[in-house]
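Understanding the architecture of this molecule
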Amino acid sequence: MLENEENPCISKSTRLPRKRFYRARAHSNPLSDSHFPVPISPSHVDYSLHYPQFFQSSDIVAGFKKIEFADIGCGFGGLLISLTTLFPETLMIGMELRDKVTEYVKERILALRKANPGEYQNVSVVRTNSMKYIPNYFEKGQLSKMFFLFPDPHFKEKNHRRRVISPHLLDEYAYVLRVGGIIYTITDVEELGDWMQSCLEGHCMFEAITEEELEADPVVKLLSSATEEGQKVSRNGGQTFRAVYRRILPCV
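Keep in mind it's a predicted model, so treat the numbers as computed, not measured.

Helices and strands together make up the secondary structure of the protein, namely eight helices and seven strands. Scored against the burial criterion, the 252 residues of the protein give a buried share of 48%. For the protein, the share of sequence-separated contacts (at least 6 apart) that also reach a separation of at least 24 residues comes to 76%. Carbon and sulfur atoms make up 51% of the accessible area of the protein, which totals about 13300 Å².

Pasting the structure below:
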């Protein structure tokens, strides 16, 4: 495209990508085979592609900054964009299975970096299947926060194995979360909310965060307001069901 031609995918006023050109199905089947590159191990993740201001080459030196926040199924990146201003020195990444949505978030981040020099350098996105490849991206105890906002409810009982919160997947999340790390979940489907809370409550490596702590945590306020889904629920006067748990020491 010639430089003087307008890109219809970019808003003339905000210079940000337009969502309508990146629309996709609301959810994808996480058990289907998708084709995209996956790092062999966390040490093979090329941080320079995601955070060029922090990493000048693909060689990662032990002790350098590492990703601490992971937004699983990040959608259009609303939470990530909000978090990056609250935690400008913390590396964070969104993990999204849908290719068009991932591309939108990439373009959104690049546009924000261009419009705000020096900002939004700590946020990135990757197309991947987090239900399969979490250990390929993160080391043991690497993460301090994980987010699961308005995940696919998979209503049919035969499809409950596709849910992103389950007893066996919590084992993997507990592996990559450091002790004291927090897992945030929210949904507008009561049955799914009960399911996620039950799974977390029944896992010996997680304990519920107290109401006092939730009130003091600035991140909690973003769970229902920062994402497109959360805003839609709010506009429609819907109810949300939240479960926030802390990673604790291994079972004895």
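There is more to say after this.
Turning next to the layout of surface pockets. Approximately 480 Å³ is the volume attributed to the second largest pocket. If you go around the second largest pocket, you meet 21 residues; those closest to its centre are Leu49, His50, Lys106, Val125 and Val126. When residues of the lining of the second largest pocket are traced back to their parent elements, those giving at least two are helix H1 (47–50), helix H3 (99–115) and strand E3 (123–127). Per-element tally for the lining of the second largest pocket: the top contributor is H3, with seven residues.

With that out of the way, let us pick up H3. Along its 17 residues, H3 runs 24 Å from first to last C-alpha, staying within 8% of the 24 Å computed at 1.5 Å per residue. Buried within H3 we find Val101, Thr102, Tyr104, Val105, Arg108, Ile109, Ala111, Leu112 and Arg113. Elements in contact with the buried residues of H3: H1, helix H2 (78–86), strand E2 (92–96) and E3.

Here we come to the confidence of the model for the protein. In the predicted model, the protein carries a mean pLDDT of 87, and the fraction of residues at 70 or more is 83%. Between residues 1–5, whose pLDDT stays under 50, and residues either more than four places distant or in other chains, the model counts three contacts.

What follows covers the pairing of E3. Counting buried positions over the five residues of E3 gives four, a clear majority of the element. Note: E2 against E3, five bridges, orientation parallel. The residue bridging Met92 from the neighbouring strand is Val123, located in E3. Where the polypeptide runs from E2 across H3 and back to E3, its parallel neighbour, the crossover connection is right-handed.

Bringing the UniProt feature "binding site: S-adenosyl-L-methionine" (unreviewed entry) in the protein into the picture now. The UniProt record marks Gly73, Glu96, Leu97, Asn129, Ser130, Leu149, Thr227, Glu228 and Glu229 with the feature "binding site: S-adenosyl-L-methionine" (unreviewed entry), using the residue numbering of this structure. The topology assignment puts Gly73 in the loop between strand E1 (69–72) and H2. Owing to a relative accessible area of 37%, Gly73 belongs among the partly exposed residues under this scheme. Discounting residues that sit within four places of it in the chain, Gly73 has contacts with Met95 and Glu96. With respect to the element layout, Glu96 can be found in strand E2. Sequence-distant contacts of Glu96, that is, excluding residues within four places in its chain, are made with Gly73, Cys74, Gly75, Val101, Thr102, Val126, Arg127 and Thr128.

Rules of the game
- Residues numbered from 1 in each chain as written.
- Predicted model: local features only at pLDDT ≥ 70, side-chain atom pairs only at ≥ 80, totals over all residues.
- Heavy atoms only, no water.
- Helix = DSSP H or I, 4+ residues; strand = E, 2+ residues; numbered from the N terminus.
- Buried < 20%, exposed > 50% of the residue type's maximum accessible area, 1.4 Å probe, protein only.
- Contact = heavy atoms within 4.5 Å.
- Areas by Shrake-Rupley, 256 points an atom, 1.4 Å probe, with all protein chains shown as cover.
- 1 Å grid on protein atoms, 1.4 Å probe; cavity = no way out; pocket = protein on both sides within 12 Å on 5 of 7 lines; lining within 4 Å.
- Points joined across faces, edges and corners; volume = space filled by probe spheres on them.
- Expected span 1.5 Å × (residues − 1).
- pLDDT = per-residue confidence, 0-100.
- Pairing = 2+ DSSP bridges.
- Right-handed = clockwise from strand over helix to strand, strands pointing away.
- UniProt positions renumbered as here; feature names shortened; annotations may be inferred.

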